[in-house]
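# Reading the structure
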Amino acid sequence: MRVGSHLSRLFGGLFFLGLFFFPGCDSTPTDVGADLLDPKGGEPVTITIPTSSFKNQNDPDITGGSGEVGASRALAGVVNDPALGLIVAKGNIDFAPTVSRSDKFASTSLSLAELTLDLDYFYGDTLTTVTLLMSDIVDNWTALGVSADTSVQVGDPVMELQIEPRSQILRFDLPEEWILRNDVVLRSENFLADFHGFQFTALSGNAVIGIHHRASTLKLAVPGDTAIFAMSKVLSLLEKTRLDPPEGKHLIQDGTDSRVEVNFDLGIDPLVGNLIHRSIFRITAGTPTLETPFGFSRPEITRLNLAFVTEDPKLRVLVATARASEDGLFSFEDGLFTDILKRVLLGSLNDAVFEISVPISDATLDILLIQDTLSASPPRALLTVTNIN
Amino acid sequence: MNHKRVMTIPSGTDYRAGRILLLGIILFFATAHSNSGYAQSSTQGTIYSRFGLGERVDFSSSRSQAIGGGAWAFRSADATNYANPAVLSDIVIFRFTAAVELQSLTSEATGFEDSKLSAGYLKALQLSFPLVAGKVGIGLTSTPYTRIAYHVEQSGSFETEPGDGNFLPFGSTSNGNGGLHRISSAIGYAPVKNLSIGVRADIIFGILEDVQDTSFGSPFFDDGLLTESTRLAGVSGTFGIWYRKTRFLSQGDGIYLGATLTLPSSLTGERIVTTGRGELIDTLSSVNVSGIGIPLSGSLSIAYQKSSRITLVLDALYEGWSKVNNEGSFRRFPENSIADYRDRYRISGGVQYGGGSPNESYSRRVLLRFGVYFDRSYISPAVGTDINSRGLTAGISLPTVFSGTTVDMNFDIGQTGTTENGLVRDRYFKFGFNLNFGERWFRRVKLG
């Protein structure tokens, strides 16, 4: 018993001594030995990964929306851009009641129908008046997620609209014969199902205007009561006859050529595959060299989305949104971009395929000329990495 | 016929021995386990452990540590010699040893500020016991085979984008952990009076881990941790022979000659590269590795016991690393790094002075040990430049009130490498604290 006690003390002393010494040792590590480590290792470096492909997708753009979701405006008109080609836009809008209508409204014939258009976008010749033809849409149509190549069934013309280039809010009284013809439908409880809106097409002028859902309304009045219908759906049907962009530039145009597929070959740099500390995808706007006649307005794209293209070709995961800097750079930077690149390097994702596009909600014909892949500032990813020592 | 029945039973003391044995076995596997995972308790040591399988570590006994790391032909009643399995035939009592080592290291290189590093770890657990006293003995040991423990801190700034002229500070730490561990079981047998043979089976296993940790002073850059872990395992075998002759030159002297041969073997395992910390770890790659070579090695040793109080030893070790070919891609090895394999040589010599019977005074029973050694490393980061270690050792063995039990304190001061050719010179001081427990485990009693 006594011997065992002594042994216990002895072992205890041994380990206590060890515990005392282990954390008690003083250390001052420096960079001695750094020369013996991998000369590429230890120090972070930012490497440039060029795109392995950068090409417009042929799929038509999504131009439909409900106002709050998807496209925010409908485009209408025709413009012959001397640099980019002919674009024909047919704008479709529909309305929905904002509040429940009174019994008086439902039982009394309409005395007034007033259309208010919130015009907030203009592309084309600012010196000539645009004349649009407004027609009834005679069949149900869908807006959300619908692309610019869809067709909409149109009926009789309703009226012509003269639009000055600087117009913002325009009000038109609809013709009495149209009111009489649609009186029952407009006051019925089945308005949403029976009324399908209007389509605007160009009769003259050289511009495309945008009708924003924000303040565009259809006001219907009976003696002693009025009902306001808000714009509920928009859809732009677009056709473009393309001209080649200037040499060395890549054209992105909202509505017609807004989606570009981007691919990176992450295996070309041996450093890629280790630690990735930051990832940026960057494109550089090209110097404007397009032929632009006097008075011709051609707005430029100010923001772009970068999305990851999943294995489901219809599914995109938004990675980052970039706005143009003063020097024309779009820098897409988000931790998700780094994560996706890591996943590709890990093999849990097959390929690093991304898509840059104009946000659908913008719904414009804005353009962006960017330096193409053969230029001095091509689209590229900047990866800050560290190679292991 | 009048037969005397003799059988072996535990004595009263043997129950204590049983407890010690149980403790030893628990510690044995605990040490083995700890060394197979994240290994030693500190990541601070020589940068040369960055290459190959790590820094070779030898520990055959507490006594050996104090006599230049050799004394492999030497036997005595107060210590077990585990280096040569043949010598196990000579043991007569149960022995258990626990060894702890503390190390202080100063690394210097031209153009750099000295790096001061320190580490401490449980170095070995050993036990031995006779099956037939003086004729057949068993030894079990758990010791490191290699050790990886380096720590390099770098800092600086880098251009955040090529050509933009903006520089951001960063800190980078490279460190290594782990190493290979060796669990051995050996048996020694003395078929004739002066000659013994022995064999030892080694299980070599462990994890070689290199870690790269990079941090920034900016929220726009993610800090990063990259870990490359290689788990390896294999088996090896060692044969030993031991010859001793007493009354060699005089009545009270003796000479001991020993030799060992360890067969080459190869290790297999898996290499995993991960990034991230804690629960946010991503595996970047996982590949099987095989054909990681352990070379043929051999040793020759001689000990001359001039009297019961003075013993001289001389030992030489060879490991044929230059003939090792590793298969596959492995960044630590010569095929994929700047490092160069070469044969390892180790020569050591020393003297032990003192010792006496329990009846003598305490001061006479104290053992003093001194030694010197030269060791050419098996790997060098600079082709054509040897990485040599030279050192002086000393030790004192203090008897305790328990017969057969000693506390040994050993010291090793030396240096490794050179500051020429961009290399690093390590000046080190090692302190070894060893508990050697020994007592008669079984005794023969007459029955009937």
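Computed from a predicted model, the values in this text were never measured in an experiment. (Residues numbered from 1 in each chain as written. Chains lettered and ligands numbered in written order. Predicted model: local features only at pLDDT ≥ 70, side-chain atom pairs only at ≥ 80, totals over all residues. Heavy atoms only, no water.)

### Examining the overall build of chain A
The condition is simple: Runs of H or I in DSSP of at least four residues are treated as helices and runs of E of at least two as strands, each being numbered from the N terminus. Type-normalised accessible area, obtained with a 1.4 Å probe on protein chains alone, sets the label of each residue: buried when under 20%, exposed when over 50%, and partly exposed for intermediate values. Here a residue-residue contact requires only that any non-hydrogen atoms of the pair lie within 4.5 Å. Per-residue accessibility takes into account occlusion by the displayed protein chains alone, with areas from the Shrake-Rupley method and a 1.4 Å probe.
Along chain A, the regular secondary structure elements total five helices and 21 strands. Looking at the 389 residues of chain A, the share that counts as buried comes to 54%. In chain A, once contacts between residues fewer than 6 apart in sequence are set aside, the share between residues at least 24 apart is 82%. Total accessible area on chain A stands at roughly 17200 Å², and carbon and sulfur atoms take up 51% of it.

### Digging into the domain arrangement of chain A
Residues and elements named next belong to chain A. Quick reminder of the rule: Here the limits of each domain have been adopted from an automatic or database domain assignment. Accessible-area loss on putting two parts together, using a 1.4 Å probe and summing over both, is the definition of buried area adopted here. A pair is scored as a salt bridge if a Lys or Arg side-chain nitrogen falls within 4 Å of a carboxyl oxygen belonging to Asp or Glu. Here a polar contact means two N or O atoms within 3.5 Å. Within protein one must be a hydrogen donor candidate and the other an acceptor candidate, and residues neighboring in sequence count only if both atoms are side-chain atoms.
Domain assignment breaks chain A into domain 1 (2-58 + 259-385) and domain 2 (64-242). Computed from C-alpha coordinates alone, the two centres of domain 1 and domain 2 are separated by 44 Å. Contacts between domain 1 and domain 2 engage 17 residues on the former and 23 residues on the latter. For the domain 1 and domain 2 pair, buried surface summed over both sides reaches about 1500 Å², with 68% attributable to carbon and sulfur atoms. For domain 1, the biggest contributors to the area lost against domain 2 are F296, A363 and L365; these three give 39% of the whole. Across the pair D81 and R298 runs a salt bridge whose closest N-O atoms are separated by 2.8 Å. Across the domain 1-domain 2 interface, the total number found is eight residue pairs in polar contact (both at pLDDT 80 or more).

### Some thoughts on the pattern of salt bridges
Inspection of the entire model under this criterion finds 32 salt bridges over all chains. Taking the shortest distance from any N to any O, the salt bridge between A:R73 and A:D120 comes out at 2.7 Å. Residue A:R73 is found in strand 3 (residues 73-81), and its partner A:D120 is found in strand 5 (residues 112-125); the two are separated by 47 residues along the sequence. In this structure A:R73 comes out as buried when scored by relative accessible area, which is 10%. For A:D120, a relative accessible area of 28% gives the class partly exposed. Each of B:R56, B:D58, B:E319, B:R344, B:R346 and B:D375 takes part in salt bridges that share partners, so that together they form one network.

### Remarks on the side chain of B:T311
Residues and elements named next belong to chain B. Positionally, T311 belongs in strand 15 (residues 310-319). Look at T311 and you get buried, because its relative accessible area is 2%. Apart from residues no more than four positions distant in its own chain, T311 is found in contact with F74, Y304, Q305, G350, V351 and Q352.

### Points about the nonpolar core
One broad trend across soluble globular proteins is that nonpolar side chains are buried collectively. Residues and elements named next belong to chain A. Heads up, the condition is: Note on terminology: a nonpolar core comprises buried Ala, Val, Leu, Ile, Met, Phe, Trp, Tyr and Cys residues joined through side-chain atoms within 4.5 Å.
In terms of nonpolar packing, the biggest core is built from 40 residues, with I93, F95, L117, L174, W178, F198 and F200 touching the most fellow members. Per element, the largest residue contribution to this core is six residues, and it comes from strand 10 (residues 207-222). The residues touching F200, leaving out its near neighbours within four places in the chain, are A76, A89, K90, G91, I93, L115, L117, L132, L133, M134, L161 and I211. Counting 33 residues, the second largest nonpolar core, distinct from the first, contains I283, F337, I340 and L341.

### What about a negative patch on the surface?
This is how the line gets drawn: Like charges within 9 Å and nonpolar side chains (Val, Leu, Ile, Met, Phe, Trp, Tyr) within 5 Å are joined into patches, using only residues over 30% in relative accessible area that form no salt bridge. For this count, His and the chain ends are skipped, Lys and Arg are scored as positive, and Asp and Glu as negative. A charge is said to be at NZ when it belongs to Lys, at CZ for Arg, at CG for Asp and at CD for Glu.
A contiguous patch of negative charge on the surface is contributed by A:E333, A:D334, A:D339, B:D222 and B:D223. Looking at the secondary structure, you find A:D334 in the loop between strand 18 (329-333) and helix 5 (335-346).

### Regarding the environment of B:G417
All names here are of chain B. Counting through the fold element by element, G417 comes out in strand 21 (residues 406-417). Sequence separation between G417 and Y428 is 11 residues; the distance between their C-alpha atoms is 11 Å. Residues within four places of G417 in sequence aside, it is in contact with Y48, I387, N388, V424 and R425.

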